[in-house]
Amino acid sequence: MDAVNNKPLTECSFIIMGGTGDLSKRKLIPAIYNLIAQQQLTTFSVLLVAFSATSAAEILEQARPFISALDPIIWEKLCAATYYHQMDFYNEVCYPLLQSSLIDIEKKHELKGNRIFYLATMPQHFETITKFFAHHGIVSNDPGCHLAGQEPWARVVYEKPFGYDLASAKALNKSITRAFCERCVFRIDHYLGKELVGNIALTRFTNRIFEPLWNHKHIESVHITLSETLGVEGRGAFYDTSGALKDNVQSHMLQILALVAMEAPAYLSAEYIRAAKAAVLKRVVVENVTLGQYDGYLQEKNVDPRSTTETYAALCLKIKNRRWQGVPFYVTTGKKLDKKETSVVITFKPAKCLLNICPVTTNTLTINIAPNEGLFLDLHIKTPGTNNHVQPISMEFCHSCLFGPNTPQAYEVLLVDVINGDQSAFLRADEIELAWKIIAQAQTFITPLQTYAPGSTGPKS
Ligand code: BG6
């Protein structure tokens, strides 16, 4: 069922290009399993596609440990509808074979032919796959995403990273626009599927106590933090060509910033939400950058021993519009830090003194995205037993205490959106290009790379 509408999801096939990869095993297969377990997904098939000689059974076995509380009956349902197709993405003759494989599977499972192609491969393959999908009519440029004269639809999901700089992102957007209608394209950022990220704008716009204060007159600063305890975890080859700026800042963190800072969209539709976010990203200016690398990074597998790739980045950004005049947005992310935490902290300007009673700290609103999802509001109250003394307290809203720990995982939420054709939590081409422009600005700051100790809070400065 669709979580809100309580309707079973439209039947479809998931075709995971890069089906043997980490994303497929750790996130996508478990997300599909959960959708089946919740009885949202009843009629479906999964086709895992990759270059190596392997089997669906082997990949599913590797995905199994990433499913919590596995129910053998649900697992069996998933296994019975999952297939493997070996192909070389660069060999054009393989595409009609993929097409016939799909038709066979759809016949066997009595599916009508709706298809979600999830590009979970290395990003350098995206353009080639896009081109051959278009050449062979596997995905069309029909505005309804229908294949020539047929009712079923085909949609394409592009995993991040979307390009590795502004030029490559533009080139990829160009090939996609040439090949498909924008309504069939889903550029994913899994952070937009997280409950508390989805809450940012709604909490602000639906609570009278926040929106009137949401500007430079009342807000002193905004801190957006994505701190991780893990290192590069076997992703050295990819990470060493990327780094903190291109990996987390370009995508997750700038998306969070855009959601915090955007104007209220006229309608809650993809078109208006994405335009409001793009309007913020257009006005972002980088004021300062600090970069760091954890001690021991150079010894990680597949990392160049002389690498200057940053595993930590802290930026001070400003948004050049009337609402945010002069307000610093501090964006910080790093690997191998002291804690795993993703949060947004809105610090309000200090309240005025009431005669001689002055607040000791400022009010803050903390939106904890992970791991302890919730909202925390720091206020002042009178210290019990005194007449003229105040002390800070925190009002806490624990999301999992109220809604339970099993709120849907980000990839489940986003797969449901793709099935429903809802693009509001997916990125528009210009948002991605604007984010790359901000990264290019940050890279013009010549800042020495500072080493930091694993388990610390990052570089000393
Ligand atoms: C990915 C980044 O997009 O997000 C990783 O490539 C990062 O480097 C991960 O670790 C963080 O996601 P989450 O959901 O674990 O906070």
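Given the structure is predicted, the values throughout are model-derived calculations rather than measurements.

## Focus: the site of the ligand
(1) Moving on: Taken together, Lys160, His190, Tyr191, Lys194, Glu228, Arg235, Asp247, Asn248, His252, Lys335 and Lys340 make up the full set of residues near the ligand.
(2) Moving on: With respect to the ligand, the side chain of histidine 190 contributes an N or O atom lying 2.8 Å from an oxygen atom.
(3) Moving on: Here an oxygen atom of the ligand and a side-chain polar atom of aspartate 247 are 2.5 Å apart.
(4) Moving on: Of the residues assigned to the shell around the ligand, the class counts are 1 nonpolar, 3 polar and 7 charged.

## Looking at the sheet that holds strand S1 (residues 12–17)
(1) Moving on: On the basis of which strands lie adjacent, the open sheet formed by 6 strands has the order S3-S2-S1-S4-S5-S6 and parallel pairing. Because the sheet does not close on itself, it has two edges, and the strands there are strand S3 (82–86) and strand S6 (185–187). Averaged over all neighbouring strand pairs, the angle between strand axes comes to 20°, with direction disregarded.
(2) Moving on: As paired elements, strand S5 (residues 154–158) and S6 share 3 bridges and run parallel to each other. Bridge pairing in S6 places tyrosine 158 opposite arginine 187.
(3) Moving on: Along the sheet face, helix H5 (residues 126–135) touches S1, strand S4 (115–119) and S5 and points at about 155° away from the line of S4.

## Quick notes on the side chain of glutamine 250
(1) Moving on: With respect to the helices, strands and loops of the structure, glutamine 250 is situated in helix H9 (residues 244–261).
(2) Moving on: Taking the relative accessible area as the measure of exposure, glutamine 250 reaches 9% and is therefore buried.
(3) Moving on: At 3.4 Å, the side chain of glutamine 250 forms a polar contact with the backbone oxygen of isoleucine 432.
(4) Moving on: For glutamine 250, the contacting residues outside a window of four places in its chain are Leu245, Ile432, Ala435, Trp436 and Ile439.

## Some details on the state of the cysteines
(1) Moving on: Tallied over the entire structure, the rule returns 3 disulfides.
(2) Moving on: Two residues share a disulfide in this structure: cysteine 145 and cysteine 184, whose sulfurs sit 2.1 Å from each other. On the sign convention where negative is left-handed, the bridge of cysteine 145 and cysteine 184, at about -100° about the S-S bond, is left-handed. Here the residue cysteine 145 occupies a position in the loop between H5 and S5, and cysteine 184 occupies one in the loop between helix H6 (166–179) and S6, the gap between them amounting to 39 residues.
(3) Moving on: Linked covalently through their sulfurs, cysteine 398 and cysteine 401 form a disulfide whose S-S length is 2.1 Å. Disulfide cysteine 398 to cysteine 401: torsion about the S-S bond roughly 85°, handedness right-handed.
(4) Moving on: Residue cysteine 401 is classed as exposed on the basis of its relative accessible area of 64%.
(5) Moving on: Each bonded cysteine in the protein chain gets a number by its place in the sequence, and the pairs come out as 1-2, 3-4, 5-6.

## Comments concerning empty space enclosed by the protein
(1) Moving on: The full count for this structure, using the stated rule, is 1 cavity of 30 Å³ or more.
(2) Moving on: Looking at the largest cavity, it is lined by 17 residues, and the ones nearest its centre are Phe162, Gln250, Ser251, Leu427 and Ile432.
(3) Moving on: Taken together, the elements giving at least two residues each to the lining of the largest cavity come down to H9 and helix H13 (429–443).
(4) Moving on: Here the lining of the largest cavity is composed, by residue class, of 9 nonpolar, 3 polar and 5 charged.

## Looking at the packing of helix H1 (residues 22–37) against helix H12 (residues 410–420)
(1) Moving on: Packing of H1 against H12 leaves a shortest axis separation of 9 Å and a crossing angle of 65°. What the angle tells us is that H1 and H12 run roughly perpendicular. Considering how the two elements wind past one another, H1 and H12 form a crossing that is right-handed. Taking contact as the criterion, the partners of Leu23, Lys27, Leu28, Ala31, Ile32, Asn34 and Leu35 in H1 are, on H12, Tyr411, Glu412, Leu415 and Val416.
(2) Moving on: Taken together, the residues that form the contact of H1 with H12 break down as 8 nonpolar, 1 polar and 2 charged.

## Topic: the pairing of S4
Consecutive residues of a regular strand have side chains that alternate between opposite faces of the sheet.
(1) Moving on: The buried fraction of S4 amounts to 5 of the 5 residues, a majority that puts the element mostly inside the structure.
(2) Moving on: What you see with S4 is no split at all: Arg115, Phe117 and Leu119 on one side and Ile116 and Tyr118 on the other are buried throughout.
(3) Moving on: Sheet topology note: the S1/S4 ladder contains 5 bridges and is parallel. In the strand pairing of S4, serine 13 is matched with arginine 115.

The rules we used
Residues numbered from 1 in each chain as written. Predicted model: local features only at pLDDT ≥ 70, side-chain atom pairs only at ≥ 80, totals over all residues. Heavy atoms only, no water. Near = heavy atom within 4 Å. Polar contact = N/O pair within 3.5 Å; in protein donor to acceptor, adjacent residues only side chain to side chain. Nonpolar A, V, L, I, M, F, W, Y, C, P; charged D, E, K, R; others polar. Pairing = 2+ DSSP bridges. Helix = DSSP H or I, 4+ residues; strand = E, 2+ residues; numbered from the N terminus. Axes fitted to C-alpha atoms, helices over the stretch in contact; angles between N-to-C directions. Contact = heavy atoms within 4.5 Å. Buried < 20%, exposed > 50% of the residue type's maximum accessible area, 1.4 Å probe, protein only. Disulfide = S-S within 2.5 Å. 1 Å grid on protein atoms, 1.4 Å probe; cavity = no way out; pocket = protein on both sides within 12 Å on 5 of 7 lines; lining within 4 Å. Points joined across faces, edges and corners; volume = space filled by probe spheres on them. Parallel < 35°, antiparallel > 145°, perpendicular 65-115°, else oblique. Left-handed = near helix turned anticlockwise from the far one by under 90°.

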